[in-house]
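# Structure at a glance
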Amino acid sequence: ICALFLSAEVTAFQSLSSSAHHHRPPIVLNSKKSDGDGEALAQHAYAVGTFIEFEEKKRVHIGTIEDKEHKANGGARYKVVDKDGKHFSIADKAVHFAMAAPNSPGQATKLFDEFCAAHDFSEKDLETKLEISPDLLEMAWEEANVEDTNLTPDSLVELVHAHAASAIEKYMAWRLLQTEQSHVFFKSIKDHGKTVSFKAKARKAVDAAKQAFCNSHQDSDLCLV
């Protein structure tokens, strides 16, 4: 039964993978170009109302930007409120991940609640919600390695499921790609201190990393042969 399931999973991935190359280019979290609203992302100035994951005193929070201040050096500081109503003043470098809030208050509240829930998901929860098993993650690595392209949260979802990622799917994929298991296959690529994409490791490096991972994670699906 497992063999049949894996065979079907591989066939589906290969079919979707071949069509994924014809979709739009992957989108990264930050770019030196301007976005569609004309905001210079090189300045790292997120809009007021943006939902963010951020770090403060080595603790990670989910919050909403209430105000922003541009610095003379081109950077920015933000006033942020978290889900419990606690206020923070943070530098741009403290922002890990950002997503635009919908214009509708009801949709914005729903998305923020989903963001907070996704922040607390375990690695297994992320795999289940995204329907991306360790086998599919390994296949995504093989595809990225062959094509010599960096993987982004968007392109991972699109490669596996052949549809554009939703805001929450992007965040969950971003978190999944930073797990210890994902680091067997990928190296995080940063821009201005923020993890924006993931580079496929060479096969020899993956073989060594997988052996080391499985020595201490025998129960992982990645290690079941």
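Since the model is a prediction, treat every value here as computed from it, not as a measurement.

## As for helix 7 (residues 203–216)
- Over its 14 residues, helix 7 extends 20 Å from the first C-alpha to the last, a length consistent with the 20 Å expected when each residue adds 1.5 Å.
- Against helix 4 (134–147) lie the buried residues of helix 7.

## Things to note about the state of the cysteines
- Counting across every chain of the model gives 1 disulfide.
- Covalently, C214 is tied to C223 through a disulfide, its sulfur atoms 2.0 Å apart. Given an S-S torsion of about -90°, the disulfide between C214 and C223 has left-handed geometry. You'll find C214 and C223 in the same group, each marked buried.

## Description of the environment of K79
- Inspection of the secondary structure puts K79 in strand 3 (residues 76–82).
- The exposure class assigned to K79 is partly exposed, which follows from its relative accessible area of 49%.
- Remark: the alpha-carbon pair of K79 and V48, spanning 31 residues in sequence, is separated by 9.2 Å.
- Ignoring any residue separated from it by four or fewer positions in sequence, one finds K79 in contact with T64, I65, E66, D67 and F88.

## Thoughts on the packing of aromatic side chains
- This model, assessed by the stated rule, comprises 8 aromatic pairs.
- What links up through ring pairs into an aromatic cluster is the set F97, F115, Y171 and W174.

## A few points about the pairing of strand 3
- With 5 of its 7 residues buried, strand 3 lies for the most part within the structure.
- Direction of pairing for strand 2 (residues 59–70) relative to strand 3: antiparallel, over a ladder of 7 bridges. Across the sheet, residue G63 finds its bridge partner in strand 3, namely D82.
- The antiparallel pairing of strand 2 with strand 3 creates a hairpin that spans 5 residues between the two strands, and G74 there sits at a positive phi of about 95°.
- With 5 bridges connecting them, strand 3 and strand 4 (residues 87–91) associate as antiparallel partners.

## What about the sheet that holds strand 2?
- Spatially, 4-3-2-1-5 is the arrangement adopted by the 5 strands of the open sheet, whose pairing is antiparallel. In the strand order of this sheet, the two ends are held by strand 4 and strand 5 (95–99), each with one partner. Averaged over all pairs of adjacent strands, the angle between strand axes in this sheet comes to 40°, irrespective of strand direction.
- Packed on one face of the sheet, helix 6 (residues 167–176) meets strand 1 (51–56), strand 2 and strand 5 and runs near 155° to strand 5.

## Points about the side chain of E169
- Positionally, E169 belongs in helix 6.
- Within the structure, the side chain of E169 is placed 2.8 Å from the backbone nitrogen of S166, a separation counted as a polar contact.
- Beyond its immediate stretch of four places on either side in the chain, E169 contacts L130, V157, H163 and A164.

Each value, and the rule that gives it
- Residues numbered from 1 in each chain as written.
- Predicted model: local features only at pLDDT ≥ 70, side-chain atom pairs only at ≥ 80, totals over all residues.
- Heavy atoms only, no water.
- Helix = DSSP H or I, 4+ residues; strand = E, 2+ residues; numbered from the N terminus.
- Expected span 1.5 Å × (residues − 1).
- Contact = heavy atoms within 4.5 Å.
- Disulfide = S-S within 2.5 Å.
- Buried < 20%, exposed > 50% of the residue type's maximum accessible area, 1.4 Å probe, protein only.
- Phe/Tyr/Trp six-rings, centres within 6.5 Å; stacked < 30°, edge-to-face > 60°.
- Pairing = 2+ DSSP bridges.
- Axes fitted to C-alpha atoms, helices over the stretch in contact; angles between N-to-C directions.
- Polar contact = N/O pair within 3.5 Å; in protein donor to acceptor, adjacent residues only side chain to side chain.

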